[in-house]
Amino acid sequence: MKNVLKIYINDLKKIFTNSMAIILAVGILVLPSLYAWFNIYANHDPYGSTGQMQIAVIIEDEGYTFKNIEINVGEEVRKSLEANDLIDWQFLSKDEGIEGVKSGKYYAAIEIPATFSESLTSITTSDFKRPEITYYANEKKNAIATKITDKVVQTIQTQVNESFITTIIDIINSLLKTVIEEANDSPDGGAVNTILNQIDAAKESVKSIRSTVEAFSSIIKITKNIESTFSNERVKKLLDDTNGTIKSTNELISLTKNMVSSITSSLDSALDESHSEATELIATIDKIDSLSSGDAAAALQNFKKVIDQQTGKYDVLLSSLNQINGALPVKLSSLSSLADDLSGINDSLKSISSTLDSATNSKAGKNALRQISSELKNIDGSVTKVKQQYKDTVKPALDNNMTYLVGVLSDISSIIDAIGTNEDVPTLIKTIDDSVDSGADMINSFMSLLDGCEKQLDDLYKKINKLSDSELVNMIYNLTFNNSDKLGEFAACPVIINTKKIYAIDNYGSAMAPFYSTLAVWVGAVILVAIMKTKVRHRKTLGYTQTQEYFGRGMTFLTFSVVQGLIICLGDLFVLKMQCYHPLMFVLAGICASMIFTVFIYSLVYAFEDIGKAIAVILLVLQIGGSGGTFPIDVTPKFFQTIHPYLPFTFLVNAFRECVCGTWGNDYMIDLLKLSTYIPIGLIFGLVISKAVRKPISFFGKKLKETEIL
């Protein structure tokens, strides 16, 4: 132990008593920290400092008019980018932009073509053309820049998509809102009530069709029995009676003519009699004052008898007119009006008859007679009017209908005549019966169809009637009225990501500090073995053993390593002001790791000399890719994933991250314990393996010196 301390003290004296040695020592102590500090500072916040990156923007969009709506997505993108200072956007022509990317002046270029807005709306047509944004990237200029510009293009794409969807949804929402408002304000109670009324009308139409079909079905049933009704015997009897039928038909034609002629004559006679009798009665009443009481009473009794006879004729005449009008194929409105007028005249005459009877029995005064005279004058005027109406309107129409009726009867006579001479009547009846069977089947099918249609209309009515209170209607109402301003935004981006960072890091430099600090600690150990000798000069002459040499010179290396680790960690904390939740733990981890790395590398070089230095450099290269300090280890090749759990970089990077971002359980102590396993490994190389390979390594060193190069 005494010799170990002696070697250590002599090393310190040699360093601090020589000015050149002091300068070299300072350089050894500070140089590794600069490696960490410059890298951390350079990566302090690269993604927040992209405002000076120039990207060309080529906007040639000419816009498009869709359903009277002006759409120009290119202009919207321009306005959005002009308000975005994350990138130095350069709005250029197509030739200038592409040429700038090729020359390296711009990292990338984004082109929005002339038909971009038109392509967006082509989804509504049969000729759909997917809109495209052309992205030109210069990957030669910088690899990381390409990744940044890729992200920028994705952001623009998302922005365009959101803008387009928001616009379309707003248009649809406005239309839907207008429809609902008009429906609610409509006088019939809204669109739902209108549909319900239409369904009711459809149901009534179905019922009407059903009634018609049922009537036709009844006719079918009657006709279906025609074969049994007209059996051979009956058909024969019908044929035998044909001549009688024809004769009867001709007689009916003659009788009809005579009946119409008789009724028209009776009507003319009755109207003439009413006129003359009314005139005579009025004259008699005017002379009633000059007659004796007996003559006056006799005159009144006589005229009452005349009026009663007249009303009897009117009753018979009215009955005949009604029978004629009822027998016609289509009732005559003029004949009905005439009958009503005659009925009114007849009722007036009956009223006068009653008045005359009372006047005769009670010997009424002049006032009653004057009233009768006035009524008779009115009746006479009505009779004149009815007579003229009959002459101008009723008689011509009645004659036309009689002519038509006579023609129909004549046709019937011809048909009966044809039936009587046709020998194929039984066959015809059989054919009709077969056709009726098919018609009956069709009627049954149609009735089933009507039943189904009526049932479906009832179901539809119930569903629509409930629709106004359904959740769907309430949802549409909320969309169009309560949330109309948010609908487009929601459709464009339905889900909002609420990011809650676990172990949040302020900037990219702090995130990379664990890796670059670990790298600086390793580089510091490598610099130590590259500049300082691991062997004591004239060891045997001074009487030091190999073990004493190893520990004595090793203490000097450890002293330098502690200072290196302290400078690196304090500079990270106070010079760069990186984020660190546990600064004391961070410094402690840095010092421990510096000592462990130094012991390990020092032992390699002590055992293998220059070969040990090469091994230390090789391990440095492997650990840069295999420690997971930059990219996640899961995205690296399988080789690095295999060696990752055993590399000293892995443990120190994880320990530093616990200090920078926050600890989890005992991970910090576990990582340092795993890292400390390299101490015994180094001791094995320095104390055991070094003795075994001393002669081969010495021989190898002599051969290198003989080259006079190394």
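The structure contained in this document is the topic of the report that follows.

Here is what the cut-offs are and how they apply
Residues numbered from 1 in each chain as written. Predicted model: local features only at pLDDT ≥ 70, side-chain atom pairs only at ≥ 80, totals over all residues. Heavy atoms only, no water. 1 Å grid on protein atoms, 1.4 Å probe; cavity = no way out; pocket = protein on both sides within 12 Å on 5 of 7 lines; lining within 4 Å. Points joined across faces, edges and corners; volume = space filled by probe spheres on them. Helix = DSSP H or I, 4+ residues; strand = E, 2+ residues; numbered from the N terminus. Nonpolar A, V, L, I, M, F, W, Y, C, P; charged D, E, K, R; others polar. Expected span 1.5 Å × (residues − 1). Buried < 20%, exposed > 50% of the residue type's maximum accessible area, 1.4 Å probe, protein only. Arc of directions from axis to C-beta. Contact = heavy atoms within 4.5 Å. Core = buried A, V, L, I, M, F, W, Y, C linked by side-chain atoms within 4.5 Å. Salt bridge = Lys/Arg side-chain N within 4 Å of Asp/Glu carboxyl O. Axes fitted to C-alpha atoms, helices over the stretch in contact; angles between N-to-C directions. Parallel < 35°, antiparallel > 145°, perpendicular 65-115°, else oblique. Pairing = 2+ DSSP bridges.

## Focus on the layout of surface pockets
Here is step 1 of the chain: Taken as a whole, the largest pocket holds about 1400 Å³ of empty space.
Here is step 2 of the chain: Forming the boundary of the largest pocket are 45 residues, of which Lys533, Thr534, Lys535, Val536 and Arg553 lie nearest the centre.
Here is step 3 of the chain: Within the residue set of the lining of the largest pocket, elements represented by two or more residues are helix H1 (2-16), helix H2 (19-42), helix H17 (508-531), helix H18 (539-542), helix H19 (546-575), helix H20 (583-608), helix H21 (610-626) and helix H26 (694-706).
Here is step 4 of the chain: Top element by residues in the lining of the largest pocket is H26. It accounts for eight residues.
Here is step 5 of the chain: Within the lining of the largest pocket, the residues separate by chemical class into 23 nonpolar, eight polar and 14 charged.
Here is step 6 of the chain: Looking at the second largest pocket, its volume works out to about 540 Å³.
Here is step 7 of the chain: Around the second largest pocket sit 21 residues that line it, and Asn43, Pro46, Tyr47, Ile144 and Tyr508 are the ones nearest its centre.
Here is step 8 of the chain: Secondary-structure elements contributing two or more residues to the lining of the second largest pocket are helix H6 (143-185) and H17.
Here is step 9 of the chain: Here the lining of the second largest pocket is composed, by residue class, of 13 nonpolar, six polar and two charged.

## Focus on H1
Here is step 1 of the chain: Along its 15 residues, H1 runs 21 Å from first to last C-alpha, staying within 8% of the 21 Å computed at 1.5 Å per residue.
Here is step 2 of the chain: Those residues of H1 lying buried are Val4, Ile7, Tyr8, Asp11 and Ile15. Along H1, the residues classed as buried sweep out an arc of 95 degrees about the axis, all on the same side. Structural note: H1 exposes Lys2, Lys13 and Phe16 on the side pointing more than 90 degrees away from its buried face.
Here is step 3 of the chain: Those residues of H1 that are buried are in contact with H2 and H19.

## Here's the deal with unusual backbone geometry
Here is step 1 of the chain: Positive phi, normally seen in glycine, also occurs at Tyr503, with a value near 60 degrees.
Here is step 2 of the chain: Within the fold, Tyr503 resides in the loop between helix H16 (484-492) and H17.
Here is step 3 of the chain: Backbone geometry at Glu609 places phi at a positive 55 degrees, although glycine is not the residue there.
Here is step 4 of the chain: On the secondary structure map, Glu609 appears in the loop between H20 and H21.
Here is step 5 of the chain: Overall, Glu609 belongs to the partly exposed group, its relative accessible area being 29%.

## Notes on the nonpolar core
Here is step 1 of the chain: Core analysis: the biggest nonpolar cluster contains 64 residues, and Trp522, Phe560, Phe586, Phe597 and Ile601 have the highest contact counts within it.
Here is step 2 of the chain: Elements with a contribution of two residues or more to this core: H2, H17, H19, H20, H21, helix H23 (648-661), helix H24 (667-676) and helix H25 (678-692).
Here is step 3 of the chain: A per-element tally of this core places H20 first, with 16 residues.
Here is step 4 of the chain: Non-local contacts of Trp522, meaning those with residues more than four positions away in its chain, are made with Phe597, Phe600, Ile601, Ala616, Leu619, Leu620, Gln623, Pro648 and Phe649.
Here is step 5 of the chain: Residues Ile55, Ile87, Phe116 and Val153 belong to the second largest nonpolar core, which totals 21 residues.

## A word on the pattern of salt bridges
Here is step 1 of the chain: In this structure the tally under the stated criterion is five salt bridges.
Here is step 2 of the chain: Note that Arg78 is salt-bridged to Glu75, the shortest N-O span being 4.0 Å. A residue pair is termed a helical-turn pair when its members lie 3 or 4 positions apart in one helix, as Arg78 and Glu75 do in helix H3 (residues 73-82) at three residues.
Here is step 3 of the chain: We classify Arg78 as partly exposed; its relative accessible area is 25%.
Here is step 4 of the chain: Among the ionic pairs, Glu111 bridges to Lys94, the shortest N-O distance being 3.3 Å. With Glu111 in strand E5 (residues 108-112) and Lys94 in helix H4 (residues 94-103), the pair connects residues that are 17 residues apart, well separated along the chain.
Here is step 5 of the chain: Looking at Glu111, the relative accessible area reads 5%, which means it is buried.
Here is step 6 of the chain: By relative accessible area, which is 31% here, Lys94 ends up partly exposed.

## Comments concerning the packing of H20 against H24
Here is step 1 of the chain: Where H20 meets H24, the closest approach of the two axes is 10 Å, and the angle between their N-to-C directions is 10 degrees. One finds that H20 runs roughly parallel with respect to H24. Here H20 contributes Met585, Leu588, Ala589, Ala593, Ile596 and Phe597 to the contact with H24, which in turn contributes Tyr668, Leu672, Leu675 and Ser676.

## A short note on the sheet that holds strand E6 (residues 134-137)
As a general point, the strands of a sheet are linked pairwise by backbone hydrogen bonds and lie either parallel or antiparallel.
Here is step 1 of the chain: Sheet architecture is open: four strands sit in the order E4-E1-E5-E6, paired in mixed fashion. Each edge of the open sheet carries a strand with a single partner, namely strand E4 (88-91) and E6. Strand-to-strand twist of the sheet, defined as the mean angle between neighbouring strand axes without regard to direction, takes the value 20 degrees.
Here is step 2 of the chain: Where H3 meets the sheet, its contacts fall on strand E1 (54-59), E4 and E5, and the angle it forms with E4 comes to roughly 145 degrees.

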